[in-house]
Amino acid sequence: MADDGENGAISEAEAALYDRQIRLWGLDAQRRLRASSVLIAGLKGLGAEVAKNIVLSGVKAVTLLDHQQVTDEDFSSQFLVARADLGRNRAEASLERTQNLNPNVKVTADTEDVKDKSDEFFTKFSVVCLTCCSQQTLRRVGHVCHDNGVKFYAGNVHGYCGYMFADLGEHDYVEEKPKIIKTDKQKEEGTEDGPAAKKAKVDMTETVMVKKTVSYCPWQESQAVDWTSDSSSKALKKTPQMYFIMKVLLRFREDHDRDPAVSSREEDKVALLRLRDDVLTEMKLKTDLVGDEFASHCFAALSPVCAVVGGVLAQEIVKAVSGKDAPLNNFFFFNGIDDSGMVDCIRSS
């Protein structure tokens, strides 16, 4: 795992540049950010949003990884490339604008395919964030990161549908809490049990830092839920529909080596409905769990959806690296049709 050194050097110029966020999460948290290196794989609309937010936060280094070329579809949400970049490698085309966002961050471009990278490659980073990747790649890289203590994130946006996943292993963080002030009676009795405890006051002007630990599951475990078990079947009604749509879209990418495309919209809609039936049947669930209308809403990376999911994803990376505040565990789903977002912890028991 890359060294997260908690004492990343911050110059006076950087302290002035990051003044507002240092006031928000503290100098120690900013030092941890300054010592971290982040890999962002997949530079479509979501990857661009994450790259922008992470570079502005003031990390040490960001690597942009993408082997594909800029297409016309990218111009709907990928603001790091220009019209003149059509046909260029997406990572290289995104490099200049990303670097200009913050000259204090070292930004590099890598034009290789993420699936061709060795396991060792991913262990060099503090954080690995994958977008636009296949289920097989997510499983492999997620496993490597989990075993090597590298913070792992994954996400994608398909039209109005978006999601992010986090695996931080065993993660320690601190949370700021209002200070509890004991009453005189409690101090005399030396206890907070019983009716007297109800009189304890909360001083909102004073806070204490509370250290906590949260445990995450690897990506593969989040995909291997047995929905026929008693515990999972009870949770099914509360599970976001987007989770199952995500699995259908991952199967589509596995079968077609691409995401649903506007250019082949009608035939892709038919394929999505067929895959919906196949995926849900394999999970021993009713196929009407996901309505037919989803197949019309999964095309292109819409800019507003990328902004929401990318903002949440980047915020979670900042929280994880800085060790400040409780991170989400483990999924965030966004439905652009009704502008709803939901956090859920989904894992096999």
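These figures come from a predicted structure and were not determined experimentally.

Let's talk about the overall build of the chain
Looking only at helices and strands, the chain has 13 helices and 10 strands in total. Relative to the globule expectation of 20 Å for 349 residues, the C-alpha radius of gyration of the chain, 22 Å, shows essentially globular dimensions. Here the C-alpha coordinates of the chain stretch approximately 75 × 55 × 35 Å along the principal axes. The buried share of the chain, reckoned over its 349 residues, is 51%. If you take every contact in the chain between residues at least 6 apart in sequence, the share linking residues at least 24 apart comes to 67%. In the form shown here, the chain has an accessible surface area of approximately 16,800 Å², with 48% of it arising from carbon and sulfur atoms. Put simply, the chain has 45 plus and 55 minus side-chain charges, and the middle of one group is 4 Å from the middle of the other.

What about the pairing of strand E5 (residues 151–158)?
Among the 8 residues that make up E5, 8 are buried, leaving the element largely enclosed by the rest of the structure. Burial of E5 is two-sided: the residues Lys151, Tyr153, Gly155 and Val157 facing one way and the residues Phe152, Ala154, Asn156 and His158 facing the other way are all buried. As paired strands, strand E4 (residues 127–131) and E5 are joined by 5 bridges and run parallel to one another. Its bridge partner being in E5, Leu130 is matched across the sheet by Ala154.

Here's the deal with helix H5 (residues 90–101)
Here H5 spans 17 Å end to end across 12 residues, near enough to the 16 Å set by a 1.5 Å rise per residue. Buried residues along H5 sit in contact with helix H4 (45–57), strand E2 (61–65) and strand E3 (106–110). Where H5 begins, one side-chain oxygen reaches toward the backbone nitrogen of Ala91, 2.9 Å away; that side chain belongs to Asn89.

Section: the packing of aromatic side chains
Under the counting rule described, the total for this entry stands at 12 aromatic pairs. On the basis of an interplanar angle of 55 degrees and a centroid distance of 5.0 Å, the ring pair of Phe165 and Phe331 is categorised as tilted. Of this pair, Phe165 sits in strand E6 (residues 161–167) while Phe331 sits in strand E9 (residues 331–335), and the two are 166 residues apart along the sequence. Relative to Phe333, the ring of Phe331 has its centre 5.1 Å away and its plane inclined at 15 degrees; by these criteria the two rings are stacked. Exposure remark for Phe331: the relative accessible area of 0% places this residue in the buried category. The ring of Phe121 has Lys117 lying over it, and the distance from NZ or CZ to the ring centre is 4.4 Å.

Concerning the pattern of salt bridges
Summed over the entire model, instances satisfying the criterion amount to 22 salt bridges. Between Lys212 and Glu175 there is a salt bridge, with the nearest N and O atoms lying 3.1 Å from each other. Pair noted here: Lys212 is in strand E8 (residues 201–215) and Glu175 is in strand E7 (residues 170–181), with a separation of 37 residues, a long-range link. We note a salt bridge from Glu266 to Lys269, for which the minimum N-O separation is 4.0 Å. Highlighted residues: Glu266 and Lys269, both in helix H12 (residues 265–282), separated by 3 residues, approximately one helical turn. Glu266 gets classed as exposed once you look at its relative accessible area, which sits at 53%.

Considerations on the packing of helix H3 (residues 27–34) against helix H13 (residues 303–322)
One can describe the packing of H3 onto H13 by two numbers: an axis separation of 8 Å at closest approach and a directional angle of 105 degrees. Here H3 lies roughly perpendicular to H13, going by the angle between them. Residue-level contacts link Ala29, Arg32 and Leu33 of H3 to Val318, Val321 and Ser322 of H13. Of the residues belonging to the contact of H3 with H13, the class tally is 4 nonpolar, 1 polar and 1 charged.

A short note on the packing of H4 against H13
H13 packs onto H4 with a crossing angle of 40 degrees between their chain directions and a minimal axis gap of 8 Å. By the angle between their axes, H4 is oblique relative to H13. Once H4 is placed against H13, the crossing between them reads as right-handed. In contact with Gly45, Leu46, Glu49, Val50, Asn53, Ile54 and Ser57 of H4, H13 contributes Cys306, Ala307, Val309, Gly310, Gly311, Leu313, Ala314, Ile317 and Val318. When its residues are assigned to classes, the contact of H4 with H13 shows 10 nonpolar, 5 polar and 1 charged.

What to know about the nonpolar core
Ranked by size, the top nonpolar core spans 47 residues in total, and within it Val128, Leu130, Leu138, Phe152, Trp219, Tyr243 and Leu272 carry the most contacts. Considering every element that reaches this core, the biggest residue donor is helix H11 (residues 241–256), with 9 residues. Excluding its chain neighbours within four sequence positions, the residues that come into contact with Trp219 are Gln135, Leu138, Arg139, Phe152, Tyr163, Phe165, Met246, Leu250 and Phe331. Among the nonpolar cores identified, the runner-up in size contains 45 residues, and Ala29, Ile40, Ala91 and Val157 belong to it.

Cut-offs used in this document
- Residues numbered from 1 in each chain as written.
- Predicted model: local features only at pLDDT ≥ 70, side-chain atom pairs only at ≥ 80, totals over all residues.
- Heavy atoms only, no water.
- Helix = DSSP H or I, 4+ residues; strand = E, 2+ residues; numbered from the N terminus.
- Rg over C-alpha atoms; globule rule 2.2 N^0.38 Å.
- Buried < 20%, exposed > 50% of the residue type's maximum accessible area, 1.4 Å probe, protein only.
- Contact = heavy atoms within 4.5 Å.
- Areas by Shrake-Rupley, 256 points an atom, 1.4 Å probe, with all protein chains shown as cover.
- Lys, Arg positive; Asp, Glu negative; His and termini not counted.
- Charge placed at Lys NZ, Arg CZ, Asp CG, Glu CD.
- Pairing = 2+ DSSP bridges.
- Expected span 1.5 Å × (residues − 1).
- Polar contact = N/O pair within 3.5 Å; in protein donor to acceptor, adjacent residues only side chain to side chain.
- Phe/Tyr/Trp six-rings, centres within 6.5 Å; stacked < 30°, edge-to-face > 60°.
- Lys NZ or Arg CZ within 6 Å of the ring centre and 35° of its normal.
- Salt bridge = Lys/Arg side-chain N within 4 Å of Asp/Glu carboxyl O.
- Axes fitted to C-alpha atoms, helices over the stretch in contact; angles between N-to-C directions.
- Parallel < 35°, antiparallel > 145°, perpendicular 65-115°, else oblique.
- Nonpolar A, V, L, I, M, F, W, Y, C, P; charged D, E, K, R; others polar.
- Left-handed = near helix turned anticlockwise from the far one by under 90°.
- Core = buried A, V, L, I, M, F, W, Y, C linked by side-chain atoms within 4.5 Å.

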